[in-house]
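Structural features, examined
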Amino acid sequence: MLKGPSGSGKSALAALLAGLRQPESGELLLWGIKQQMLGIDSWRKKIVTAPQFHENHVFTETFVFNLLMGRRWPPLQADLGAAICRELGLGDLLERMPAGFQQMVGESGWQLSHGERSRLYIARAILQQADLIILDESFAAFDPENLKRALQCVLHHAPTLLVIAHP
């Protein structure tokens, strides 16, 4: 876990690690391999981040589109991540939505709560099957039950995890 006060550089470090920003000096290594050797596209497949809520988005598209961003399209049934969605407590939401995974969500679609959006972002990160998952303030909107559920899911599926939080 990486924690510190606002403005201390936690999110900037996450952006550097995820390859969203380039370092001004020094070098980044993953499993002993330099970022330049892997190439930025390969690097970004190995390290995935769920940015802070205000930097993450749900597009006016289907739930499955928002869930599987960054994966092959169109998805196969096995790609849908239904089990992970259930583990994160999104199963009830999917059952309530008339079209399930195909339900339009976002500003002009089905409105997701703050917590549902956060769980969608976490599921999106897990489904990328990266070597390192960075969750930046991803648990801030959860009640104790959903926090426990999300932590169990992430710890079960993430090979390596960095959680960024305020103290």
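Refer to the structure above for everything that follows.
Conventions we followed
- Residues numbered from 1 in each chain as written.
- Predicted model: local features only at pLDDT ≥ 70, side-chain atom pairs only at ≥ 80, totals over all residues.
- Heavy atoms only, no water.
- Helix = DSSP H or I, 4+ residues; strand = E, 2+ residues; numbered from the N terminus.
- Expected span 1.5 Å × (residues − 1).
- Polar contact = N/O pair within 3.5 Å; in protein donor to acceptor, adjacent residues only side chain to side chain.
- Disulfide = S-S within 2.5 Å.
- Buried < 20%, exposed > 50% of the residue type's maximum accessible area, 1.4 Å probe, protein only.
- Pairing = 2+ DSSP bridges.
- Contact = heavy atoms within 4.5 Å.
- Axes fitted to C-alpha atoms, helices over the stretch in contact; angles between N-to-C directions.
- Right-handed = clockwise from strand over helix to strand, strands pointing away.
- Core = buried A, V, L, I, M, F, W, Y, C linked by side-chain atoms within 4.5 Å.

Here we come to helix 8 (residues 144–157). Here helix 8 contains 14 residues, and its C-alpha end-to-end distance of 20 Å stays within 8% of the 20 Å for a straight helix at 1.5 Å per residue. Measuring from the side-chain oxygen of the N-cap residue of helix 8 to the backbone nitrogen of Glu145 gives 3.0 Å; that N-cap residue is Asp143.

Before going further, it helps to spend a moment on the state of the cysteines. Counted by the stated rule, this structure contains 0 disulfides. The closest cysteine sulfur to the non-disulfide-bonded Cys85 is located on Cys153, 8.9 Å from its own sulfur. Its relative accessible area of 1% is what places Cys153 among the buried residues.

Read across the open sheet, the 4 strands follow the order 1-8-7-4; overall the sheet is parallel. The sheet is open, and its two edges are formed by strand 1 (2–3) and strand 4 (47–50), each paired on a single side. The pairing of strand 7 (residues 132–136) with strand 8 (residues 161–165) spans 4 bridges and is classified as parallel. Bridge pairing in strand 8 places Leu135 opposite Val163. The sheet strands contacting helix 1 (residues 10–17) are strand 1, strand 4, strand 7 and strand 8, and the helix crosses strand 8 at an angle near 155°.

Here strand 8 lies mainly inside the structure; 4 of its 5 residues are buried. Note: strand 1 against strand 8, 2 bridges, orientation parallel. When the sheet's bridge partners are listed, Leu2 is paired in strand 8 with Ile164. Of the crossover connections in this fold, the one passing from strand 7 over helix 8 to the parallel strand 8 is right-handed.

Of all hydrophobic cores here, the largest spans 35 residues; its most connected members are Phe63, Leu67, Phe101, Ile122, Leu135 and Phe139. Listing elements by their share of this core, those giving two or more residues are strand 4, helix 4 (63–67), helix 5 (82–87), helix 6 (91–96), helix 7 (114–127), strand 7 and helix 8. In terms of residue count, helix 7 provides more of this core than any other element does, 7 residues in total. Apart from the residues within four sequence positions on either side, Phe139 is in contact with Ile122, Leu147, Ala150, Leu151, Val154 and Val163. Formed by 10 residues, the second largest nonpolar core is a distinct cluster that contains Ala14, Leu132, Ile134 and Leu162.

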